[in-house]
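Okay, here's what each chain looks like letter by letter:
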Amino acid sequence: VFLVESGGGQVQAGESLRVSCAASGRAIDTVTVAWFRQAPGKAQEFVAGIGWSDGSTHYADSVKGRFTISRDAAENTVTLQMNSLKSEDTGVYSCATREGIVMTIPPEYDLWGRGTQVTVSS
């Protein structure tokens, strides 16, 4: 089982970007999936998560109203749509999975992708 992120890139502030997490070897709707990001010199932080049982979504305060996490069982992917991007959204975005509810702490997740770089220029 592994996860692969895609869709990162470089955009201007105010623009949009979509990153996706594709799961191989397990149905994406049987696990909780979260996105984390890490900016240079900073700790990894929770961005958004989607619960496996009911698809409930959770967001960091810093991205509420701008980011949307969604799940496509047919494509076996979880997507993070990022709108109105800011320079502080810059970082490596990684998806991760766990059994159980959405948690905001990285050690609670047991499977990680390698990440994709998102750069927002002001």
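Residues numbered from 1 in each chain as written. Predicted model: local features only at pLDDT ≥ 70, side-chain atom pairs only at ≥ 80, totals over all residues. Heavy atoms only, no water.

1. Quick look at the sheet that holds strand β3 (residues 17-24)
Spatially, the 4 strands line up as an open sheet ordered β1-β3-β8-β7, and their pairing is antiparallel. The open sheet has two edge strands with one neighbour each: β1 (2-6) and β7 (67-72). With strand direction ignored, the average angle separating the axes of adjacent strands in the sheet is 15°. Pairing analysis gives 5 bridges linking β1 to β3, with the strands arranged antiparallel. Paired with L3 across the bridge in β3 is A23. (Pairing = 2+ DSSP bridges. Helix = DSSP H or I, 4+ residues; strand = E, 2+ residues; numbered from the N terminus. Axes fitted to C-alpha atoms, helices over the stretch in contact; angles between N-to-C directions.)

2. A short note on the packing of aromatic side chains
All told, the structure shown has 4 aromatic pairs when counted by the stated rule. Measuring from centroid to centroid gives 5.1 Å for F36 and W112, while their planes differ by 45°, and the two rings are tilted. Placement of the pair is F36 in strand β4 (residues 32-38) and W112 in strand β10 (residues 111-112), with a sequence separation of 76 residues. The exposure class of W112 is partly exposed, given its relative accessible area of 27%. (Phe/Tyr/Trp six-rings, centres within 6.5 Å; stacked < 30°, edge-to-face > 60°. Buried < 20%, exposed > 50% of the residue type's maximum accessible area, 1.4 Å probe, protein only.)

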